[in-house]
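# Fold and geometry: a report
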Amino acid sequence: MKRTVDASPQHHWSTEGGGSLAARSDDLREALVVGQPSLNDVTETVSAIVERKPTKAWYVTISITGVVAAWGIFAILYTTLTGIGVWGNNQPVGWAWDITNFVFWIGIGHAGTLISAILFLFRQRWRTAINRSAEAMTLFAVICALIFPIIHTGRPWVAVYWLLPLPNQMQMWVNFRSPLLWDVFAVGTYFAVSLIFWYIGLMPDLATLRNRAYKAGNKLANTIFTLVSLGWTGANRHWHRYEKAYLILAGISTPLVLSVHTIVSFDFAVSVIPGWHTTIFPPYFVAGAIFSGFAMVLTLMILARSLLRLEQYITLKHVDNMNKILMATGLMVGYAYGVEYFIAWYSGNPYERFVFINRALGPYSWAYWTMVICNVIIPQVFWSKRMRRNLAVTWVISIFVNIGMWFERFVIIATSLHRDFLPSSWGYFTPTWVDVSIFAGTVGIFLTLFLLFAKFIPVLAISEVKAILPGAQPKHGHN
Amino acid sequence: MAEKYTEDKTYWKSFRELHRDPEVLKHLGDEFHPARDESSSAASFMSRRTFIGLLAASAAFAGVGCRRPEQTIVPYVRKPEYHTPGIADYFATTFTHQNFAYGLLVKSREGRPIKIEGNDVDPISGGKSSHLAQASLLSLYDPDRVLRPTVNNSDSTPRNAFRRMADAIREVTAVGKRVRILVDEHASPALHALYRDIEAVMPNTRVITWPAVVAYGAAEANSRLLGIDGVLIPDLSKADVILSIESDVLGTDPESLWHIRRFSSRRKPKRTSVDMSRLYSVESSMTLTGSNADIRIPLPSTELNAFLLGLLHELCVVRGMGALDESLAALLSEARSDRFSGLAKVAEDLASNPSVVVVGRHLPVETHALGVLLNRVLGAYGENAIIDTRHVLPYSASKKEEIEEVTRELLQGDVGVLLLADVNPAYSMSGGAFRDSIAKTQHVFSLSRYADESSKHCSIFVPVNHYLEAWGDAVMFDGSRAVTQPLIAPLNEGQASLGDALMGIVREVNEQAFETTETWYDYLREHWRKHVFPASGRPYFDHFWNETLRRGSIPGAPEPRRLTFNSEAAAALLRIAGMQPDSALRLCVLPSNSLYDGRDANLGWLQETPDPVTKVTWGNVVMMNQATARRLGCRQEDVVRLVTDAGSIEVPVFIQPGMADDSLATTTGFGRTEGGRVLDGYGSNAFSLMPLLTQSIGHVEVTVESTGRRMSIATTQDHHSLSGGNLYDIDRRDIVKEATLKQYEEDAAAIYRHDLPVYGAKKNTDRPISITKPFDYSSGHRWGMTIDTSACVGCNACVVACVAENNIPVVGKEQVIRGREMHWIRIDRYYAGDENNPETLRQPMLCQHCEKAPCENVCPVAATTHSPEGLNEMTYNRCVGTRYCSNNCPYKVRRFNYFDYHGEPRDPLSLIFNPDVTVRMRGVMEKCTFCVQRINEAKYSAKNEGREVLRDGEVSTACQQACPADAIVFGNTNDPESSVSKNRVGDRGYHVLRELNVLPSITYLAKIRNSEGGME
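Rules and cut-offs
Residues numbered from 1 in each chain as written. Chains lettered and ligands numbered in written order. Predicted model: local features only at pLDDT ≥ 70, side-chain atom pairs only at ≥ 80, totals over all residues. Contact = placed C-beta atoms within 7 Å. Helix = DSSP H or I, 4+ residues; strand = E, 2+ residues; numbered from the N terminus. Nonpolar A, V, L, I, M, F, W, Y, C, P; charged D, E, K, R; others polar. Pairing = 2+ DSSP bridges. pLDDT = per-residue confidence, 0-100. Axes fitted to C-alpha atoms, helices over the stretch in contact; angles between N-to-C directions. Parallel < 35°, antiparallel > 145°, perpendicular 65-115°, else oblique. Left-handed = near helix turned anticlockwise from the far one by under 90°. Core = buried A, V, L, I, M, F, W, Y, C linked by C-beta atoms within 7 Å. Buried ≥ 20, exposed ≤ 12 C-beta atoms within 10 Å, placed from the backbone. Domains from an automatic or database assignment.

On the chain A side, the residues contacting the 45 residues of chain B number 43 residues. Those elements that provide at least two residues to the side of chain B that touches chain A are helix H29 (854-858), helix H30 (884-887) and strand S36 (895-896) of chain B. Considered class by class, the residues forming the side of chain B that touches chain A number 21 nonpolar, eleven polar and 13 charged.

Right, let's talk about the sheet that holds strand S31 (residues 783-788) of chain B for a bit. Residue and element names in this part refer to chain B. Taken in spatial order, the four strands of this open sheet run S38-S31-S40-S39, and their pairing is mixed. Since the sheet does not close on itself, it has two edges, and those belong to strand S38 (968-972) and strand S39 (989-990), each with one partner. In the sheet, S31 pairs with S38 via five bridges, with the strands oriented antiparallel. Note that in S38 the partner of Trp 783 across the bridge is Asn 972.

Let's shift gears to the confidence of the model for chain B. Residue and element names in this part refer to chain B. In the predicted model, chain B carries a mean pLDDT of 86, and the fraction of residues at 70 or more is 91%. In this model, residues 1-6 is a region of pLDDT below 50 whose contacts with residues beyond four sequence positions or in other chains number five contacts. Below a pLDDT of 50 lies the segment residues 720-728, which in the model reaches 25 contacts outside its immediate sequence neighbourhood of four places, other chains included. Model confidence for the complex is summarised by a pTM of 0.88, with the ipTM given as 0.89.

All names here are of chain A. Contact pair helix H9 (residues 179-216) / helix H11 (residues 236-269): the axes reach a minimum separation of 9 Å and the direction vectors enclose 155 degrees. For the element pair H9 / H11, the angle class is roughly antiparallel. Read as a crossing pair, H9 and H11 show a hand that is left-handed. Here the contact of H9 with H11 is composed, by residue class, of 22 nonpolar, five polar and two charged.

With that settled, consider the nonpolar core. Ranked by internal contacts, the top residues of the largest apolar core, which has 426 residues, are A:Val297, B:Leu312 and B:Ala369. By residue number, the principal contributor to this core is helix H12 (residues 281-307) of chain A, which donates 16 residues. Setting aside residues no more than four positions away along its own chain, A:Val297 makes contact with A:Ala111, A:Ile130, A:Ala134, A:Met137 and A:Met322.

With omega at 15 degrees, the peptide bond leading from A:Gln91 into A:Pro92 counts as cis. As for its position among the elements, A:Pro92 is in the loop between helix H4 (56-82) and helix H5 (97-108). The step from B:Asp907 to B:Pro908 runs through a cis peptide bond, and the omega angle for that step is -5 degrees. Note on placement: B:Pro908 falls in the loop between S36 and strand S37 (925-926). The residue B:Tyr395 is not glycine, and still its phi comes out positive at about 55 degrees. With respect to the helices and strands, B:Tyr395 occurs in the loop between strand S14 (387-392) and helix H16 (400-412). Phi is positive for B:Asn796, close to 80 degrees, though the residue is something other than glycine. Secondary-structure assignment places B:Asn796 in the loop between S31 and helix H27 (797-805).

This part is about the domain arrangement of chain B. Bring the parts together and some accessible area is lost; that lost area is often taken as the interface size. All names here are of chain B. Along its sequence, chain B is carved into domain 1 (2-65), domain 2 (150-211 + 398-466 + 492-535), domain 3 (217-391), domain 4 (583-715) and domain 5 (730-1009). Its C-alpha centre places domain 2 at a distance of 32 Å from the equivalent point of domain 4. Breaking the side of domain 2 that touches domain 4 down by element, the ones donating at least two residues are H16 and helix H17 (425-428). Taken together, the residues that form the side of domain 2 that touches domain 4 break down as five nonpolar, five polar and four charged.

Glancing now at the sheet that holds strand S3 (residues 112-118) of chain B. Residue and element names in this part refer to chain B. Pairing in this open sheet of three strands is antiparallel, and the strands run S1-S2-S3 from one edge to the other. Since the sheet does not close on itself, it has two edges, and those belong to strand S1 (89-97) and S3, each with one partner. Neighbour-to-neighbour, the strand axes of the sheet open up by a mean angle of 35 degrees, direction not taken into account. In the sheet, S1 pairs with strand S2 (residues 100-109) via nine bridges, with the strands oriented antiparallel. By the bridge assignment, Asp 89 is partnered in S2 with Ser 108. In the packing of helix H6 (residues 131-140) onto the sheet, the strands contacted are S1, S2 and S3, and the crossing angle to S3 comes to about 170 degrees.

As structure tokens, this is what we get:
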């Protein structure tokens, strides 16, 4: 970076010139990229992150996250070798942190595809600066999530393939009535499509890196980038097909954003347990997932923005927009919390009523109120534009939302289970060090993967950012 | 061969050969020259042959190293007669709990006893069994049983041990000291005879019965007032009104099996015959019997005598019933009946119905005397009356005097040899009392199954057999005679039965002793030949003996006893009873329901069986009500120190609704420290609170000190009553249904008055609307069960029977605290009403085998599926352990193997497993199967007989089989004539959580309380 960039939008506003009416209306909007970088500047900025040597800070950070990840993997191994008993799960709380973590990570994984696919289809051009990292985050979150359905089983060594509909000599088929199986399909599909979508989007940038590595004479990088860029030349035909493929994948991904968490919510909604058996769950879970996903995107992006010096591309407008989505989904989630209480009262079902009274006033009320405060009360700050554009406030609130959304899943899973129909079987769940270690471990895995991504893969979609630079858009002959 | 080449002309292949290089010549004749095998490559370091050799070796190693050790199974070359491998044999034997004996059938597979069941020809058990009998199987295979005798802590042989004991006996006899043998209570006439014979052979010897649980109130009172030496056994089914004075006839009393059977037979009202007895319970503690009472009156123990006196006054003086002597009547005149609200109504009820008063056996003589007087006034005594005077518990005469005497002798140093025969006084006598009493005794020896607390003080220890390995006999209180026969050769080499051991010792002392009877078996047969056989009228003893073995017991007539009422003794005791004790804090020490006196504390099955009242496992607690706890400043799980004159123990506080004010209660059997790996560290020894030389159970003044510590109590059920008025709305859950007898008589629909609305069902019998078609069970069987909550007393027999039948693991205290107990059947307990005197409801809860089972559709791998016969089946092999099924089970009856709970069982524990039931590994879910292995076994045998459908009663589940109350009925509901079908359509039936429309296969029959018309 040769220039220091003033990230304030006013600066940009004053320097942007007139032009046609169409261009003007375009310009009336806040610019998505500030500081008027040239096309080459974009390439330079983003590629430099990949090409330069990792900093000391990067090494320190990845060592820490790596150790945490390794500790988590050790805890997983310990569980597998000893038994689920090393966790706090019991009778009646058969699921606790395991599935809480699963749903939490799946939720985190929602923002990426939403940003890449839905915002793409809605022509929300501000997405370009954040979609790459958000998608990467999606993948890593889904990887973390996928750990749990496997390891939460009593016999993961068979679960890992018995949960798949593979033809076998036992002539034993999976149970298609089970929502857990639907999960396998939903999450598997989501992961596969997200991966392809992300990879397709990466190809032009990988080719750029390949060319630069060739020029710089870096043989190894050149070989790798040559292989992964699949012969991309930037030819018109390539671009043509690329755009088509990207659009199609965006189309495929869009329903997946809704379906994955809908199906995850079926794990609960299809059951008979009061507090789980609720038809509101699909929309409530999807809103919650987007809510948590955006919170995590914000958490990571605000860090990446300053650490990788991407202030020019990830602007306050992005933060503002995302905070708006955060607040909208947060309100949906809050509304769902309220509706659950209304229905519990309105249904006249004593079990249902009890579950919700128990949530707010029972032994897990602390978890419930943590959830409400983090998810409903704190995000109200974002009614103020100043707050939406305050990075520090946004970052802190995004952390609160992450915590709140973790607790939402815990509240749904554990508090519904711990006191269900027969009071004789009621119990209480307390986590063990293994529960904590495994969750921390997945955070470690997630951050480690993200750090690797941030170092070795262009964190911004170079080609897409170029497309939103002033002058990059076709102006129909007016400009 | 090489020589040949030297002749004739020389053919050569190389210069080295030609020039006769010795190295070459050496290998000339070899077909495979080592060098020839060398690869042409100079780099090769290994020849082809070496390579192949190594390859073969490593292949062999690979094969050897990674294979499990080879185990060969060999089929019978000559099959034993009468035995088909894979088919269980049943042998009759007899179980004795203290001096209460009843018949058993022991299921044996390939020579291993694997399940204990009641013997249906036995009139006492009627084919039922208690949790203690069920668990006695585990004690057979207990790995902590001592293997061989020890003399001064080094291994020995029984012969040598006997000889050393005999030497000691001779030595002390020479100096004029005495020999005392302490034995436990028993019901064996042959043992009794043996003890008398020993006393005859060795004149300085006496055999003293000194059980851990000493309670002689009843025997003393009977002996002084009625002239009957022993404890009388009433028949509760004959009484319309039963008044229990803190008695635990349905719980911890040794003969409770009999009482539960008799009591429950009058607790199953039908609309057609609303015959039902009424149970009153007046007690300071909350006993199992009290919790089953129709009307329960909590009263501090200091008031019990006053209550009885008042009752006697009401009956005799006010109502003028019965002819008491004038002296007695005069004593009563001071008693007041108006102190206790409702006493008049109890009296009214007792007076106008055939009724009986049962007094807790731990209560003192004077209370029992009052009970005797009341029963006399009520006319309960007589042949074939409620209290059949011939039904005396065998050998139950008061042991007070002999215990006092032997204690005196011990303290005075008169005893030279003390032989402990299967008793553990170091545990059951308080604190250091045992050590003090044997301080002047030269030799203390032990015959026991475990190296327990007492054997630490013994120089010679000889392990004795388990009753399933030994011969024996028993007499039942109705005069039946029964045989105990060994089911398996002793599992440990050095063991002898108690009889053999005693005979062995005596024979070493006196060679002439037992000349005609070589072994205890001979002695036993001889005893039968002399004392039982003549009365049988059979021609041949062997026939008679074999038939007895086959049946297990022969009916006999009890000895007629004559009552001789002694009014002076009554007056004396009445005077004592009339004394008003100071109202201090009192502790009631009672035997624990699971462990009784702690002899089998090493049995995980019993430790993990929840107390029927508190639901506490693995340890004892001190129970008190909320008010008392508040007054004492303690909370649930606070560890307090209970201090009595005799000693002190530390136990956690348990708030028990229904305890009388200022009344505390705890149980014995816990706090064992020696003898096994399982028992150590659970609970504290409540025996040490009881003063020596009085009863070892009963009431004692106590002070409570705080320790400042807290302790987790391992309960299997938390404190969540169904009582109304709480925030949580749980009173609106209609889980247990009940009605008073009056309500039921007037309108059976009263039972369903709290039903939650169910769509599409107007009547209780209607099926709710469903979007799925009902399951088609029309052909063959459709298994179903009914459980009568009115009959169930909560005795836990079903729980332990299920554990034994289904290879259910014991998980330990930590896991129970975590909520991971594995029992497939649990007895849910709910309270209703007043916290200070709640009504208790019990509901055995097990897999409901729902027709539309919520567990089945959520399993992703189809490991739990529906059978065409209505069973909800669990395929362990397929289960991956997602626990989703358990989460989705509304009854929470599924159990998950959080760890490898079975692990590698210590020898010989693995012999106990039922081979028809899979031993589950960690990570799989399990639950009640309706004993599918029993169903299949019955189906196979029916098929062999050419029948497709089983007859009613042909198959019974383990829980049903054990249930003394006959509360559980299992069978084919496709057959309208089966008893389960008839029960289901009865007017007390309901499904738990019917509103969920999961269509359970278990129908519960509502609890009917015979409380109205009495006190209310």
